[in-house]
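Below are the chains, spelled out letter by letter.
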Amino acid sequence: MMSASNNAKAIMCELTANHPVDGNSFVLHCTWTGHAPKAGQFFMIKPARFSFFLPRPIGVFEFNPVQNMVKFLITRHGKGTEELSQTQAGDKMQLIGPLGNAWADFLPDNGSAALVGGGAGVAPLSALVAEKPDYNFHFYAGFKTGFRDKEQEDVMLGAGKNAKKIVVSAEDGINALNGRIVDFLFEPENYDVVFSCGPFEMLKALMIKCKKRNVPCFVSMESRMACGVGACLGCTIRTVKGNRRCCADGPIFSSEDIIIDE
Ligand code: FES
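Residues numbered from 1 in each chain as written. Predicted model: local features only at pLDDT ≥ 70, side-chain atom pairs only at ≥ 80, totals over all residues. Heavy atoms only, no water.

### Some remarks on the side chain of D91
Okay, so step 1: Relative to the helices and strands, D91 resides in the loop between α1 (79-85) and β7 (92-99).
Okay, so step 2: Residue D91 is classed as buried on the basis of its relative accessible area of 8%.
Okay, so step 3: For D91, the side chain forms a polar contact with the main-chain nitrogen of Q88, separated by 2.8 Å.
Okay, so step 4: When sequence neighbours within four positions are dropped, the list of residues in contact with D91 reads C13, E14, L15 and R49. (Helix = DSSP H or I, 4+ residues; strand = E, 2+ residues; numbered from the N terminus. Buried < 20%, exposed > 50% of the residue type's maximum accessible area, 1.4 Å probe, protein only. Polar contact = N/O pair within 3.5 Å; in protein donor to acceptor, adjacent residues only side chain to side chain. Contact = heavy atoms within 4.5 Å.)

Structure follows, in structure tokens:
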């Protein structure tokens, strides 16, 4: 497994926008002058001016090398992300990154890939569509609630909209297929590889499905992190190969390595 964390830097950046997407999600736009992140990598982020919490690991949603701008799609799910939601344009942000391995490390040169994202987990997959615009990606995006309007859809899907095929589902069925996104990936065996990011329950359902059909599957794992660079062991997960650090050995792992039934 490859890691590109050697290029990581800690830089004090400026937040140029905090764009609310719905009641629970928002997109942070930050300046970034360090090494260009690859899709699947993440940054450790915290506001510089006030912070009672450790930095939070957030996957890259979009990177614009011309504008030196990186964007993060975040859903509130605790005190740290709540604090990030309250930041405003002009705030200084400490970013450490880019960290971890990248989707491209596992992507066949020529082929097709299903990208299956749940909630804010669509973000790192959307970044991959932007990074490889000619690749045959099919983008499966699942949400708890459907999009309110086209603008919200555009923001949440990001570059994922440019995939060769898009399937969107919502558990309330509003403006989308009604149900869980994994159920709409009918034939994973049609793809050379499946990549996924989202809640573990979704990853688990997908890994089981791919295993039954013998399809290579790679998932981006989440874990609480303190250092983000492999030093504290705080993000250790158990795998079939022993303990692995989610930040430095991942966050992307082969589903064959993940212990599903815990
Ligand atoms: S967060 Fe410290 S080792 Fe991963």
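Having seen the structure, we can now continue with the description.
### Observations regarding the sheet that holds strand β11 (residues 177-178)
Okay, so step 1: Ordered by their spatial adjacency, 7 strands build an open sheet running β11-β10-β9-β8-β12-β13-β16, and the pairing between neighbours is mixed. Every other strand in the sheet has two partners, leaving β11 and β16 (252-254) as the edge strands with one partner each.
Okay, so step 2: Across 4 bridges, the pairing between strand β12 (residues 193-197) and strand β13 (residues 217-220) is parallel. Bridge pairing in β13 places F195 opposite F218.
Okay, so step 3: Strands β8 (112-118), β12 and β13 of the sheet are contacted by helix α4 (residues 200-213), whose axis makes an angle of about 170° with β12. (Pairing = 2+ DSSP bridges. Axes fitted to C-alpha atoms, helices over the stretch in contact; angles between N-to-C directions.)

### A word on the domain arrangement of the chain
Okay, so step 1: Once the domains are mapped, the chain shows domain 1 (5-99) and domain 2 (103-254).
Okay, so step 2: Placing the centre of domain 1 and that of domain 2 at their C-alpha centroids yields a distance of 20 Å.
Okay, so step 3: In this complex, domain 1 contributes 19 residues to the contact, which on the side of domain 2 involves 25 residues.
Okay, so step 4: Applying the counting criterion to the domain 1 and domain 2 interface returns 0 salt bridges. (Domains from an automatic or database assignment. Salt bridge = Lys/Arg side-chain N within 4 Å of Asp/Glu carboxyl O.)

### Topic: α4
Okay, so step 1: For α4, which comprises 14 residues, the first-to-last C-alpha distance of 20 Å matches the rise-based estimate of 20 Å (1.5 Å per residue) to within 8%.
Okay, so step 2: Among all positions of α4, only M202, L203, L206, M207, K209 and C210 are buried. Projected onto a plane normal to the axis of α4, the buried residues spread over an arc of 165° and lie on a single side. Those residues of α4 that are exposed and aimed more than 90 degrees away from the buried face are E201, K211 and K212.
Okay, so step 3: Next to the buried residues of α4 lie β8, β12 and β13.
Okay, so step 4: Count one or two residues on from α4 and you reach N214, which has phi positive near 65°. (Expected span 1.5 Å × (residues − 1). Arc of directions from axis to C-beta.)

### Details of the side chain of S255
Okay, so step 1: Relative to the helices and strands, S255 resides in the segment after β16.
Okay, so step 2: In this structure S255 comes out as buried when scored by relative accessible area, which is 13%.
Okay, so step 3: Once residues lying within four places of it in the same chain are set aside, the contact partners of S255 are M207, C217 and F218.

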